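Below are the chains, spelled out letter by letter.
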Amino acid sequence: MSQKGDFEAVRKDIAKLLHQPEYDDGSAGPVLVRLAWHSSGTYDAETDTGGSNGAGMRYEHEGGDPANAGLQHARVFLEPAKAAHPWITYADLWTLAGAVAIEEMGGPTIPWNGGRTDYVDDSKLAPRGRLPDGAKGADHLRWIFYRMGFNDQEIVALSGAHNLGRCHSDRSGFEGAWVNNPTRFSNQYFRLLLSLQWKKKTLKNGVQQFVNYDEDSETELMMLPTDIVLTQDKAFRPWVELYARDKDRFFEDFAKVFAKLLELGIQRDERGVITNTDNEKGGYHS
Ligand code: ZEM
């Protein structure tokens, strides 16, 4: 067992559990990134509710939200790290795992700070329905992400996480991966958005997505309607173009915006101690 607060030791164990040869594309990384995002992405700036503090996904109200289908895999992958470092809170573990996964898959270093507690404050509970719906358009994306406090540039940068992982028909109804190497963080998603021809396809379950189909390629790649919208909307498109041609700029902007995502709803004092949670109840703080 590591010393309380030794996040470096936890990072090492998270890095070790990423390799999962039997699972998806051989890595737990993508689904861990999605766990970190869905933990944080319930935040509403106006009412200061939702967000990663409290690790609400442990309970049915949030864990059983259809938007979170499949994320139990991510939580199970992390159990050995929790067992080895029982002092870490789930709220910290889930957000830290997203940051470590991005770094380990070749992405930028994500600034991350600990101190979230697992104390569930009922007055901060988010209703279901706050996460985005991939079948919708630009207005929906703005409605969802402006609510968290993000702007158009940040929406596009965050969407670049779709360089990673895949859709599962038994989770979201969509099917397939966005890029050919979905366990390597890069700006490939933006390049493919612009360089391939995307055609609407209706799956057997009635769900509509976009696919690239050309006779030469064996694998069919996919885009959600909300991904394609980034190339169609006048304000989103210039950011897609920038990130497609400038990988370093994408990495820099992604690191900032992902770090911001993980901090939604968290207030810290000058020492970094979180002030708007009950640190006496179910938390670690330095
Ligand atoms: Zn996703 N995402 N996402 N996303 N996402 C899926 C998978 C992954 C949207 C969405 O509907 C979906 C962000 C934003 C948005 C990841 C990270 C981030 C899936 C497939 C869907 C349907 C789920 C499945 O079937 O397993 C929509 C509409 C978004 C609005 C812009 C942001 C922001 C992310 C992080 C910064 C990741 C890594 C995956 C892959 C998960 C996996 O299991 O492989």
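Residues numbered from 1 in each chain as written. Predicted model: local features only at pLDDT ≥ 70, side-chain atom pairs only at ≥ 80, totals over all residues. Heavy atoms only, no water.

Undergrad: Provide a residue-level description of the nonpolar core, including the pertinent values.
TA: Counting 82 residues, the largest nonpolar core has Ile14, Leu32, Leu78, Phe145, Phe190, Met223 and Phe258 as the members making the most contacts within it. Among the elements that line this core, the one with the most residues is helix α5 (residues 90–104), at ten residues. Two domains each donate at least three residues to this core, and these are domain 1 (7–131 + 258–262) and domain 2 (138–254). (Core = buried A, V, L, I, M, F, W, Y, C linked by side-chain atoms within 4.5 Å. Buried < 20%, exposed > 50% of the residue type's maximum accessible area, 1.4 Å probe, protein only. Helix = DSSP H or I, 4+ residues; strand = E, 2+ residues; numbered from the N terminus. Domains from an automatic or database assignment.)

Undergrad: Just give me the short version of unusual backbone geometry, but keep the residues and values in it.
TA: Here Asp48, not a glycine, exhibits a phi torsion of approximately 50°, which is positive. Relative to the elements of secondary structure, Asp48 occurs in the loop between α2 (29–40) and α3 (60–63). One non-glycine residue with positive phi stands out, namely Ala55, at about 45°. Considering the arrangement of structural elements, one finds Ala55 in the loop between α2 and α3.

Undergrad: Give me the lowdown on the coordination of the zinc atom of the ligand, citing residues and values where you can.
TA: Coordination of the zinc atom of the ligand by the protein comes from a single atom, His162 (NE2), at 2.3 Å. Within the fold, His162 resides in the loop between α7 (152–159) and β1 (166–167). (Donors = N, O, S within 2.8 Å, 3.2 Å for Na, K, Ca; no water.)

Undergrad: I'd like to hear about the domain arrangement of the chain, residue by residue, with values.
TA: Assigned domains within the chain: domain 1 (7–131 + 258–262) and domain 2 (138–254). Using only C-alpha atoms to locate each centre, domain 1 and domain 2 end up separated by 22 Å. Contacts between the two partners involve 28 residues from domain 1, matched on the other side by 19 residues from domain 2. Ranking the residues of domain 1 by area buried against domain 2 places Asp25, Met105 and Lys260 at the top, with a combined share of 25%. The interface formed by domain 1 and domain 2 contains two salt bridges. (Contact = heavy atoms within 4.5 Å. Buried area = accessible area lost by both parts, 1.4 Å probe. Salt bridge = Lys/Arg side-chain N within 4 Å of Asp/Glu carboxyl O.)

Undergrad: Outline the site of the ligand, listing residues and values.
TA: The local shell around the ligand holds 26 residues, among which His162, Gly165, Arg166, His168 and Ser172 are the closest. For the ligand, an oxygen atom lies 2.9 Å from a polar atom in the backbone of Arg166. Note that an oxygen atom of the ligand is positioned 2.7 Å from one of the side-chain N or O atoms of His168. Within the residue set of the shell around the ligand, elements represented by two or more residues are α2, α6 (138–148), α7 and β1. (Near = heavy atom within 4 Å. Polar contact = N/O pair within 3.5 Å; in protein donor to acceptor, adjacent residues only side chain to side chain.)

Undergrad: Quick one: what's the story with the pattern of salt bridges, residue by residue and with numbers?
TA: Inspection of the entire model under this criterion finds 18 salt bridges. The shortest N-O distance in the salt bridge between Arg11 and Glu103 comes to 3.3 Å. Remark: Glu103 occurs in helix α5 and Arg11 occurs in helix α1 (residues 7–17); sequence separation between them is 92 residues. By relative accessible area, which is 18% here, Arg11 ends up buried. For Arg249, the salt bridge goes to Asp253, with nearest N and O atoms at 3.0 Å. On the criterion of helical spacing, the pair formed by Arg249 and Asp253 is a turn pair, its members being four residues apart in helix α11 (residues 247–262). One salt-bridge network, held together by shared partners, links Asp92, Arg116, Glu263 and Arg268.

Undergrad: Requested: an account of the side chain of Ser159, with residues and values cited.
TA: With respect to the helices and strands, Ser159 occurs in helix α7. A residue is classified by how much of its surface remains accessible, and Ser159, at 13% relative accessible area, is buried. In terms of polar contacts, Ser159 uses its side chain to reach the backbone carbonyl oxygen of Ile155, at 2.8 Å. If we skip the residues at most four places from it in the chain, Ser159 touches Tyr189 and Leu230.

Undergrad: I'd like a description of the packing of aromatic side chains, backed by residues and values.
TA: Tallying each qualifying case throughout the model produces 17 aromatic pairs. Ring-pair connections join several aromatic residues into one group, and the members of that group are Phe185, Tyr189, Phe190, Trp239, Tyr243, Phe250, Phe251, Phe254 and Phe258. Lying over the aromatic face of Trp94, Arg75 brings its terminal NZ or CZ to 6.0 Å of the ring centre. (Phe/Tyr/Trp six-rings, centres within 6.5 Å; stacked < 30°, edge-to-face > 60°. Lys NZ or Arg CZ within 6 Å of the ring centre and 35° of its normal.)

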